[in-house]
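# Structure at a glance
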Amino acid sequence: MFIWFLGLIIVLIKGKWASLIVPNQFAPDFTAILIVYLFLYYGPAAAGMFAFGQGLVMDIYSGGLYGLFTLLYLCVYAGIYLGRRLFNFLDPKGQALIVSLSVLLEKLFFIIILTIFSEGIIFSCSFLWISVVSAISSGLIAPVIFSLLSRQKVIPV
Amino acid sequence: MRGIISFYKIWFGIIAFGFVLFLLSSNSGREITWNSAEQLIIEVTAPLQKLINQSINSTRGFWYNYFDLINVRQDNKHLHSEIDALKMENSRYRDLLATHKRMQELLKFTNSIKPPVIAAQVIGLDPTGWFKSIIIDKGKNAGISLNMPVVNADGVVGKIVSTSPNYAKVLLVIDQNSSVDCLVQRTRDRGMVKGLSAVISKMDYVVKRSDVVADDIIITSGLGGIFPKGLPVGKVLNVKDVQGKLFKDIKIIPAVDFSKLEEVLVILKEDTSLNYHLEKE
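The structure displayed is predicted, hence computed values, not measured ones.

Turning to the overall build of chain A, a few remarks are in order. When its secondary structure is counted, chain A shows 6 helices and 0 strands. When the helices and strands of chain A are listed from N to C terminus, the series reads α-α-α-α-α-α. Relative to its 157 residues, chain A shows a buried fraction of 57%. Within chain A, contacts between residues at least 6 apart in sequence are counted, and of these 69% link residues at least 24 apart. Of the accessible surface of chain A, which amounts to about 7,000 Å², a share of 73% is contributed by carbon and sulfur atoms.

Following this line, the structure appears as C-alpha cells:
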C-alpha cells in the first residue's frame, strides 16, 4: 500500500519537481524502479498490478496517447523477466543492470508506439542520449532506493 | 495446479495487453476526454496534487524571500537612482494612458459582447516530460467544457482536452499534437503553429511569397473554431527558405513563458465542434 501511495505521489509531483531541478526526460524513472522493487520483494503479481495501475494514472495525467504509459510500464515488467535471466537479481550490480535494461526497453517501445500512432515525434540522436542517461541514472539510483525502502521495512515479513 | 496457475497468468497477460491495445487504438486520430472512472481518479488524487503544489510554491517563495533579504541593502541604493529616472518616464506614460483610455472606450463599444473568462490555478504539470499538458483547479462545475481556449496575460496557453467536475486538463500549444490556425500580424499570412519544444514552435504552411521576417508577431486567426481572433501566440525567431519545399520554414518563440505558468484564464464559450457533431447526429 505504501509503495502504491509512493508511486502516486511520484506521478503527482513529477512534473513540478522536474521543472524545478532537471529536465523530466533525463530524470531517473522512479516508477520503473518501484516496479522492479515490488518484483524483487513482493513477486511478479504485485509488480504487474502496480505497473498496470501506475501506467493508467500516468495516462490520465499525461497529455499523450491513452494507454501509452500502461503499455510502457508493462514493458518494464517484461524487461524484468528478461533481465533476471541474464543478471543476478539479488546482487546490487545485477539490480542496477536489470533496472537499466527495463528502462531502455521502455524507451524503445515509447519511440515505436509514437512512430506508429503519432506523426509529430520522430526518432532523433537526442532521444537516444536522453534514453541512455535516464536508463543509467535509474540503474545507478535503484540499489540505493531498494536499500532505503528495505530499511523503512517496506518489505513483506 | 502449477499448470492452472500458468494458464491464468497467460490469460491475465493477454487481457492486460489487449486492454492496453484497445486504449491506444480507441484514441488514435481523435480527441477523447476523461471517462467517469478517470474523472473519479482525478477527483480523488488532484486535491493531493494541489496540496503538494502549494507546499512546493510556498517553500520556493520562502527560499527566494530569504535571498532577497540578503541583497536588499544593495537593491535599495540602486532603486533610489532608478526612481528618479522612472518619475520622468511616468509623466510620459500618463499622457499615453489618457490616449489608451480613449481607445479602450472605443474598443468596448465595438466588442460589446465579450465571452466571460474564469481564472484557474495550475496544480500540476505533465508527469512524463514528453508531452505538454497541465492540470487546472477548475472543471465542469465552473462551466468549463471541452475545447475551451486557455490564455494568460501574455497570450495563448492551450485548450481544454479533458474535464472532471472540479479539474480540467489543458493541452498546451507547445505540445507536438497541438496546432493553432494563425496569422502573421504584419503581413496577414496564414499558417499553422505547432509545438516543437517548450521554447520553440514552428509555423507551417506559410507560402514562399510571404515577406515574413524575424520579430514579426504571430496571432490567432480565429478560423480554427477554438481560439478567438487576435490573441498573441508568439514572435518569429527565424525564417528559412528551403529549396524544394513549398512553404517557408518558420520557427517561433511562444508568447507565453510556459516554465512560469501559475495562473491561467479559461475563455468560457460554446464548444462549436461538439455542436457540429450533435447537429450531424
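This paragraph deals with the nonpolar core. If you look at soluble globular proteins, the nonpolar side chains tend to sit buried side by side. Counting residues in each nonpolar core, the largest one holds 61 residues, and the members touching the most others are Ile35, Tyr61, Leu68, Phe69, Ile80, Phe110 and Phe146 of chain A. Here this core gets 10 residues from one element, more than from any other, and that element is helix α2 (residues 30-42) of chain A. In this structure Ile80 of chain A touches Ile35, Val36, Phe39, Phe89, Ile98 and Ser102 of chain A, once residues within four positions along its chain are discounted. Ranked by size, the runner-up nonpolar core spans 38 residues in total, among them Met148, Val151, Cys182 and Val193 of chain B.

Turning to the pattern of salt bridges, a few remarks are in order. Going through the model one piece at a time under the given rule, you end up with 8 salt bridges over all chains. Counted as one network, the salt bridges with shared partners bring together Arg186, Asp211 and Asp216 of chain B.

This next bit is on the confidence of the model for chain A. Confidence in the prediction for chain A averages 80 pLDDT; 84% of positions are at 70 or higher. Within chain A, helix α1 (residues 2-20) of chain A has the poorest average pLDDT of any element, 73, and α2 of chain A the best, 88.

Before going further, it helps to examine unusual backbone geometry. All names here are of chain B. In this structure, Tyr205 takes a positive phi of about 65° despite not being glycine. Among the structural elements, Tyr205 can be located in the loop between β8 (201-204) and β9 (217-220). Accessibility expressed as a relative area gives 46% for Tyr205, which makes it partly exposed. A positive phi angle, close to 80°, is found at Asp215, a residue other than glycine. You can see Asp215 is positioned in the loop between β8 and β9. By relative accessible area, Asp215 is classed as exposed at 51%.

Analysis parameters
- Residues numbered from 1 in each chain as written.
- Chains lettered and ligands numbered in written order.
- Predicted model: local features only at pLDDT ≥ 70, side-chain atom pairs only at ≥ 80, totals over all residues.
- Heavy atoms only, no water.
- Helix = DSSP H or I, 4+ residues; strand = E, 2+ residues; numbered from the N terminus.
- Buried < 20%, exposed > 50% of the residue type's maximum accessible area, 1.4 Å probe, protein only.
- Contact = heavy atoms within 4.5 Å.
- Areas by Shrake-Rupley, 256 points an atom, 1.4 Å probe, with all protein chains shown as cover.
- Core = buried A, V, L, I, M, F, W, Y, C linked by side-chain atoms within 4.5 Å.
- Salt bridge = Lys/Arg side-chain N within 4 Å of Asp/Glu carboxyl O.
- pLDDT = per-residue confidence, 0-100.

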